[in-house]
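Residues per chain are reported as follows:
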Amino acid sequence: MSMTHSADKKSPIAELRGVTKTYVTGSGHELKVLDLIDVAVHEGELLALLGQSGSGKSTILRCLTGLVEPTSGQALHKGKHLHGINADASIVFQTFALYPWLTVEQNVAVGLMSRQMSRADKEQAVNRAIEIIGLGNYHAAYPRELSGGMRQRVGIARALVSRPRMLCLDEAFSALDVLTAENLRQELLSLWRTPGSDLSAIFMVTHNIEEAVEMATRIVVLFPRPGRVGLVLENPLPYPRDTKSAEFQRMVSIIHECITTTTMPDVPPEAPVPGQPISRARSRMESIPLVPVGQILGLLSLLHDSPELSNIYDISDEIGREFGDTIALVKAAEILEFIDTPKDQVCFTDLGRRFVAADPAGRKAIFAEQVFKLRLFHIILALLREYEEVEADRIIKDIASALPYDNPEKIFQTMIAWGRYAGLMDFNAKTGLVFVPEGDESADATA
Ligand code: ADP
Ligand code: MG
């Protein structure tokens, strides 16, 4: 053992090399979620993995810890092929995942279920974890008696009770209110920084940029569809970190900009055709963000009512949504050509102004016209022109081949929602058929 010790120190606690992961979706389509991922969690570091929703963060965490197997490539533990679960890792999930019929103490003890330990040792370990995480007076309480913050503490205590070298957090703070989350973040940081504690590394999955910059020694930004390692940033800022400092804000804006420019490049993805107006919507088969129409309308009226809101960060703050959610919403409004996004600025287009000023029928007509321009919708509209009713399965299959890195069912649902609002299509979930709504000529008229 002692001979391998120094080698163990150098090899990462968990590592993925060239990992690709493909899922088969509900309708039987292969969806490549991760593409050639190289990532390693080293002793002593706090690594944050940042990326928008659906980019594959949880899948990376599951591969790293051995919960799922990569489709190709390798998962390693201290330089050796990982078999089963990584014995050094414990995971805290976003949703508290506590057993409602067990007390705090019993819920924490679940973390030792697979261990061969005497009853007395188990009890001691549970008590220690409960103390560490500040649940001292709650041993016998049931989850329903606890606040969200306290429940997440139980989740953390359960992860710590086995004395892991590596703690993995999957958006562990995102369901908590701001103050509770900040408090827990600080406590975990000080636990990780305590010299001589078993806990050596933290691997943290988040879509909160400030959270990553506040905590991590290294930040990996994941690009979506398929998930790829984009930016890797060392974060040398000393602890405790001053979130107001210029250095902190600079790092936040580097990451903001990196995500913004990859999600919404300023130059259209293809060169414009001479003599035709530049239209991002027309230029290629582009995916659509999975956002409901109501939220797009909400964003537009917010921009209308508060003209001082001119960039994505301010809008994020104003609507109280994560940056990642906001950027999806802004992107939806942009591909519909209601707004424009030079750099991180957001401004109305003329069309957007007209849309907001229009009455409901006028809005519907403009929306329909914009949806018509999206090549993705031609998949459905062309079929509807030919047949009265079209099976959803057939459409989903076409979406899957047009957009291999998106979940075709989710894209389908969003398209139906947009198409419904525009009066272009409707869907009967019972029959599984998409059809042109009765008494609505707009689809025929434009066809
Ligand atoms: P994130 O954690 O960044 O939100 P995930 O890793 O959970 O992303 O998911 C990435 C993509 O993989 C999503 O499109 C999701 O729908 C898909 N996905 C995740 N798990 C499965 C699964 N078990 N079967 C099919 N698709 C999945
Ligand atoms: Mg996730």
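What counts and how
- Residues numbered from 1 in each chain as written.
- Chains lettered and ligands numbered in written order.
- Predicted model: local features only at pLDDT ≥ 70, side-chain atom pairs only at ≥ 80, totals over all residues.
- Heavy atoms only, no water.
- Salt bridge = Lys/Arg side-chain N within 4 Å of Asp/Glu carboxyl O.
- Helix = DSSP H or I, 4+ residues; strand = E, 2+ residues; numbered from the N terminus.
- Buried < 20%, exposed > 50% of the residue type's maximum accessible area, 1.4 Å probe, protein only.
- 1 Å grid on protein atoms, 1.4 Å probe; cavity = no way out; pocket = protein on both sides within 12 Å on 5 of 7 lines; lining within 4 Å.
- Points joined across faces, edges and corners; volume = space filled by probe spheres on them.
- Nonpolar A, V, L, I, M, F, W, Y, C, P; charged D, E, K, R; others polar.
- Polar contact = N/O pair within 3.5 Å; in protein donor to acceptor, adjacent residues only side chain to side chain.
- Contact = heavy atoms within 4.5 Å.

In this section: the pattern of salt bridges. As enumerated under the stated definition, the model contains 16 salt bridges in all. Note that Arg 185 and Glu 214 form a salt bridge whose closest N and O atoms lie 3.9 Å from each other. With a gap of 29 residues between them, Arg 185 in helix α6 (residues 178–193) and Glu 214 in helix α7 (residues 209–215) connect regions that are remote in the sequence. Here Arg 185 matches Glu 214 in class, with each residue buried. Close ionic contact of Glu 337 with Lys 373 constitutes a salt bridge, the shortest N to O distance being 3.0 Å. Here the residue Glu 337 occupies a position in the loop between α12 (323–335) and β11 (339–340), and Lys 373 occupies one in helix α14 (residues 360–373), the gap between them amounting to 36 residues.

Moving on, we come to empty space enclosed by the protein. All chains considered together, the criterion is met by 2 cavities of 30 Å³ or more. The space that makes up the largest cavity amounts to roughly 60 Å³. As for the largest cavity, its lining consists of Leu 50, Gly 51, Gln 52, His 207, Ile 209, Ile 259, Phe 323, Gly 324 and Ile 327. Counting residues per element, the lining of the largest cavity draws most heavily on α12, which supplies 3 residues. Split by residue class, the lining of the largest cavity holds 5 nonpolar, 4 polar and no charged. The volume enclosed by the second largest cavity comes to roughly 40 Å³. As for the second largest cavity, its lining consists of Gly 51, Gln 52, Val 221, Leu 222, Phe 223, Pro 224, Ile 259, Thr 262 and Thr 263. Looking at the lining of the second largest cavity, the elements that each hand over two or more residues are β9 (218–223) and α8 (246–263).

Moving on to the side chain of Glu 15. Looking at where Glu 15 falls in the secondary structure, it is placed in strand β1 (residues 14–24). In this structure the side chain of Glu 15 is engaged in a polar contact, spanning 3.0 Å, whose partner is the side chain of Arg 17. Ignoring any residue separated from it by four or fewer positions in sequence, one finds Glu 15 in contact with Val 39, Ala 40, Leu 64, Gln 74, Ala 75 and Leu 76.

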